[in-house]
Amino acid sequence: MKFFIDTASIEEIKEIDSWGILSGVTTNPSLIAKEGRVFEDVVKEISEIVDGPISAEVTASECDEIVKQARLLAKISDNIVVKIPITIEGLKAIKILSKENIKVNATLIFSVNQAILAARAGAKYVSPFIGRLDDIGYDGMILIQELSSVFKNYNIDTEIIAASIRNTEHIHKCLLTGADIATIPYKVFVQMIKHPLTDSGIERFLSDFKDVKSKGGF
């Protein structure tokens, strides 16, 4: 499973990229609005930091305008992926853009039906929002498991991006249920690497080693 970061913060992207584990970035209008900068400038800078797919979302709702915005986004960098919400107009746009070799991430997916329609229209990625499903009392991981099974059964190449990740347990379950990618907030990345037994182990090793003689360098 590949790891993307879900943010528009340049500082957060640079930090996680420095860990050597980052494969891509997802953004959305809300995340970019938090940065208080020009939209295109943020997307361009992100694309220059990370070599992998950079998802940037359209704000239009009609097919013609979605396609227009998507083409503009695609011109920013070769690694831009256009995020399009799953609607009838969005499906029409996905069909057009896929024929132009513009990669699309169909977002705000909450059902297998939505995902299979997006995949058949030509989406490169689908993004089921597992945290938001949890919020309404549905186990979001069931959707990941079902999508993984359906896509394998029908040899669908569209990749599943587990989105709306809220905690490390979501990551653990995504690994077990077959998500291709998890797009993760910065704070959850930090939580992933933490464990109290690791912290106590380091503390113990350093305490035991403090009186050890060394020829230098330790």
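The structure reproduced in this document is the subject of the present report. (Residues numbered from 1 in each chain as written. Predicted model: local features only at pLDDT ≥ 70, side-chain atom pairs only at ≥ 80, totals over all residues. Heavy atoms only, no water.)

**Some words on the side chain of Glu-89**
Note on placement: Glu-89 falls in helix H5 (residues 88-99). Looking at Glu-89, its side chain comes within polar contact range of the side chain of Lys-92, at 3.1 Å. Every residue in contact with Glu-89, bar those within four places of it in the chain, is listed here: Ser-61, Glu-62, Cys-63 and Ile-66. (Helix = DSSP H or I, 4+ residues; strand = E, 2+ residues; numbered from the N terminus. Polar contact = N/O pair within 3.5 Å; in protein donor to acceptor, adjacent residues only side chain to side chain. Contact = heavy atoms within 4.5 Å.)

**As for the packing of helix H6 (residues 112-121) against helix H8 (residues 140-153)**
Orientation of H6 relative to H8, taken along the N-to-C sense of each, is 40°, at an axis distance of 10 Å. As the angle between them shows, H6 and H8 are arranged oblique. Crossing angle aside, the handedness with which H6 passes H8 is right-handed. Touching Val-112, Ala-115, Ile-116 and Ala-119 of H6 are Leu-143, Glu-146, Leu-147, Val-150 and Phe-151, all from H8. Tallied by class, residues from the contact of H6 with H8 come to eight nonpolar, no polar and one charged. (Axes fitted to C-alpha atoms, helices over the stretch in contact; angles between N-to-C directions. Parallel < 35°, antiparallel > 145°, perpendicular 65-115°, else oblique. Left-handed = near helix turned anticlockwise from the far one by under 90°. Nonpolar A, V, L, I, M, F, W, Y, C, P; charged D, E, K, R; others polar.)

**What about the environment of Lys-83?**
If you trace the backbone, Lys-83 turns up in strand S4 (residues 80-85). Measuring from C-alpha to C-alpha, the distance between Lys-83 and Thr-27 comes to 8.6 Å, with 56 residues separating the pair along the chain. Contact partners of Lys-83, with chain neighbours within four places excluded, come to Thr-27, Asn-28, Ser-55, Ala-56, Glu-57, Val-58, Asn-105 and Thr-107.

**Some points on helix H4 (residues 63-76)**
Between its first and last C-alpha, H4 extends 20 Å over 14 residues, near the 20 Å set by a 1.5 Å rise per residue. Cys-63, Ile-66, Val-67, Ala-70, Leu-73 and Ile-76 are the residues of H4 that are buried. Taken down its axis, H4 places every buried residue within 160° of arc, on the same side. For H4, the exposed residues lying more than 90 degrees away from the buried face are Asp-64, Leu-72 and Lys-75. (Expected span 1.5 Å × (residues − 1). Buried < 20%, exposed > 50% of the residue type's maximum accessible area, 1.4 Å probe, protein only. Arc of directions from axis to C-beta.)

**Points about the packing of H5 against H6**
Where H5 meets H6, the axes come as close as 8 Å, and the angle between the chain directions of the two elements is 30°. Taken together, the axes of H5 and H6 lie roughly parallel to each other. Residue-level inspection shows Leu-91, Ile-94, Lys-95 and Ser-98 of H5 in contact with H6, the latter providing Leu-117, Ala-118 and Ala-121. When the residues that make up the contact of H5 with H6 are grouped by side-chain class, the tally is five nonpolar, one polar and one charged.

**Digging into unusual backbone geometry**
Despite not being glycine, Asn-101 shows a phi value in the positive range, around 65°. Along the chain, the position of Asn-101 falls in the loop between H5 and strand S5 (104-109). On the accessibility criterion, Asn-101 (70% relative accessible area) is exposed. The phi angle at Ser-164 is positive, at roughly 55°, despite the residue not being glycine. Along the chain, the position of Ser-164 falls in the loop between strand S7 (159-162) and helix H9 (168-177).

**Overview of the pairing of S5**
Among the six residues in S5, five count as buried, and that is most of the element. Two strands pair when backbone bridges link them, and S4 and S5 are joined in this way by four bridges, in the parallel orientation. Across the sheet, Ile-84 pairs through a bridge with Ala-106, a residue of S5. Handedness of the crossover joining S4 and S5 through H5 is recorded here as right-handed. With three bridges connecting them, S5 and strand S6 (residues 125-128) associate as parallel partners. Looking at S6, one finds that Ile-109 is bridged to Pro-128. One crossover worth recording links S5 to the parallel S6 by way of H6, and it is right-handed. (Pairing = 2+ DSSP bridges. Right-handed = clockwise from strand over helix to strand, strands pointing away.)

**A short note on the sheet that holds strand S8 (residues 181-184)**
With respect to topology, eight strands assemble into a closed barrel ordered S1-S2-S3-S4-S5-S6-S7-S8, the strand pairing being parallel. Pairs of neighbouring strands in the sheet enclose a mean axial angle of 25°, with direction left out of account. Of the pairings in the sheet, the one linking strand S3 (residues 54-57) to S4 comprises four bridges and is parallel in character. Bridged to Ala-56 within S4 is Val-82.

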